[in-house]
Amino acid sequence: MRIILVLAVLFLFSAANANPVPTSDDAGRFVSERGFMARIGDVSEKVEAKASELVVNAMGFLGVPYKRGGTNSDTGFDCSGFVRTIFEQTAGLVLPRSANQQAAASEKIDRSDLQPGDLVFFNTMRRAFSHVGIYVGEGNFIHAPKPGAKVRVESLSVGYWARRFDGARRVPVEAAAAGTTP
């Protein structure tokens with residue numbers, strides 16, 4: 001959403017620089033004639049709907065067992081297999097297979113900017129981005145945690161996860177809205 005707004009501002013700024021002395025009426029007329037704000041609204045609504053869909057779909061897998069290398073609900077998931085499956089089933093996006101590759105393919109965001117559907121990463125194996133989950137809102141995330149456990153929702157503020165938090169990422173808005181590979 002922020003990316004879209006930044007692009008809109010940059011677009012208006014560049015249009016303003018093309019005409020050295022535009023008035024606010026000129027800019028408003030320009031935006032209105034091209035339906036630019038309506039298109040931004042359409043994309044942001046689609047992205048928000050996809051984020052809600054991602055979370056609802058992910059919740060449908062609560063209780064599925066962890067399986068190293070697992071990529072489906074019949075046999076179980078590992079963390080990145082779970083995230084990859086949710087994004088593919090819900091948004092038609094094929095994310096890379098490993099957590100560190102998923103981090104590389106997504107956009108870094110501040111923890112304070114987390115929104116449902118964003119990815120949260122942890123250092124659980126003494127290396128960056130070794131575990132991933134999907135943020136579901138209100139300080140919680142869903143993930144496939146470890147052997148012997150099942151897909152579950154946990155709080156980012158729990159000591160174990162808080163100490164190992166490695167950053168938040170967002171799948172690019174354009175990819176989420178278009179349903180393409182990032």
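Shown above is the structure to which this text applies.
Residues numbered from 1 in each chain as written. Predicted model: local features only at pLDDT ≥ 70, side-chain atom pairs only at ≥ 80, totals over all residues. Heavy atoms only, no water.

Enquirer: What's the story with the side chain of Thr90 in this structure? I'm lost.
Expert: For Thr90, the location among the structural elements is in helix H4 (residues 79-91). On the basis of relative accessibility, which here comes to 7%, the residue Thr90 falls in the buried class. Engagement of the side chain of Thr90 in a polar contact is seen with the side chain of Asn57, the distance being 2.5 Å. (Helix = DSSP H or I, 4+ residues; strand = E, 2+ residues; numbered from the N terminus. Buried < 20%, exposed > 50% of the residue type's maximum accessible area, 1.4 Å probe, protein only. Polar contact = N/O pair within 3.5 Å; in protein donor to acceptor, adjacent residues only side chain to side chain.)

Enquirer: In this structure, what is going on with the environment of Lys150? I would like to understand it.
Expert: As for its placement among the helices and strands, Lys150 is situated in the loop between strand E6 (140-143) and strand E7 (152-155). Residue classification places Lys150 among the partly exposed residues on the basis of a relative accessible area of 49%. Sequence spacing of Lys150 and Asp78 is 72 residues, and the spatial spacing of their C-alpha atoms is 9.6 Å. Not counting residues up to four positions away in its chain, the partners in contact with Lys150 are Gly63, Val64, Pro65, Tyr66, His143 and Pro145. (Contact = heavy atoms within 4.5 Å.)

Enquirer: Got a minute to help me understand the packing of aromatic side chains in this structure?
Expert: To describe a pair of aromatic rings, you give the distance between the ring centres and the angle between the ring planes. Counted according to the given criterion, the structure contains nine aromatic pairs. Here the aromatic rings of Phe61 and Phe77 are separated by 5.5 Å at their centres, their planes lie at 85 degrees, and the arrangement is edge-to-face. Here Phe61 is found in the loop between helix H3 (36-59) and strand E1 (71-72), whereas its partner Phe77 is found in strand E2 (residues 76-77), with 16 residues between them in sequence. The class for Phe77 is buried, based on a relative accessible area of 0%. A centroid spacing of 4.8 Å and a plane angle of 65 degrees characterise the contact between Phe122 and Trp161, whose relative ring orientation is edge-to-face. With Phe122 in strand E4 (residues 119-122) and Trp161 in helix H6 (residues 159-164), this pair connects stretches of sequence that are 39 residues apart. With respect to class, Phe122 is no different from Trp161; both count as buried. (Phe/Tyr/Trp six-rings, centres within 6.5 Å; stacked < 30°, edge-to-face > 60°.)

Enquirer: Before we go on, may I ask you to explain the pattern of salt bridges in this structure?
Expert: Close approach of charged atoms allows side chains of opposite charge to pair. Counting across every chain of the model gives three salt bridges. Of the charged contacts in the structure, one is a salt bridge between Asp118 and Arg170, with a shortest N-O distance of 2.8 Å. On the criterion of sequence distance, the pair formed by Asp118 in the loop between strand E3 (107-109) and E4 and Arg170 in strand E8 (residues 165-170) is long-range, its members being 52 residues apart. (Salt bridge = Lys/Arg side-chain N within 4 Å of Asp/Glu carboxyl O.)

Enquirer: Would you take a moment to explain the side chain of Ser130 for this structure?
Expert: With respect to the element layout, Ser130 can be found in the loop between E4 and strand E5 (131-137). Judged by its relative accessible area of 9%, Ser130 is buried. A distance of 3.2 Å separates a polar atom in the side chain of Ser130 from the backbone nitrogen of Met125. When neighbours within four sequence positions are excluded, Ser130 is seen to be in contact with Cys79, Ala99, Phe122, Asn123, Thr124 and Met125.

Enquirer: Hey, could you run me through the pairing of E6 in this one?
Expert: Residues in a regular strand point their side chains to alternate faces of the sheet. Examined bridge by bridge, E5 and E6 share three bridges and lie antiparallel to one another. Bridging across to E6, Tyr135 finds its partner in Phe141. Count of turn residues in the E5/E6 antiparallel hairpin: two residues, of which Glu138 carries a positive phi of about 50 degrees. As defined by bridge partners, E6 adjoins E7 across four bridges and the pair is classed as antiparallel. The residue of E7 that forms the bridge with His143 is Arg152. (Pairing = 2+ DSSP bridges.)

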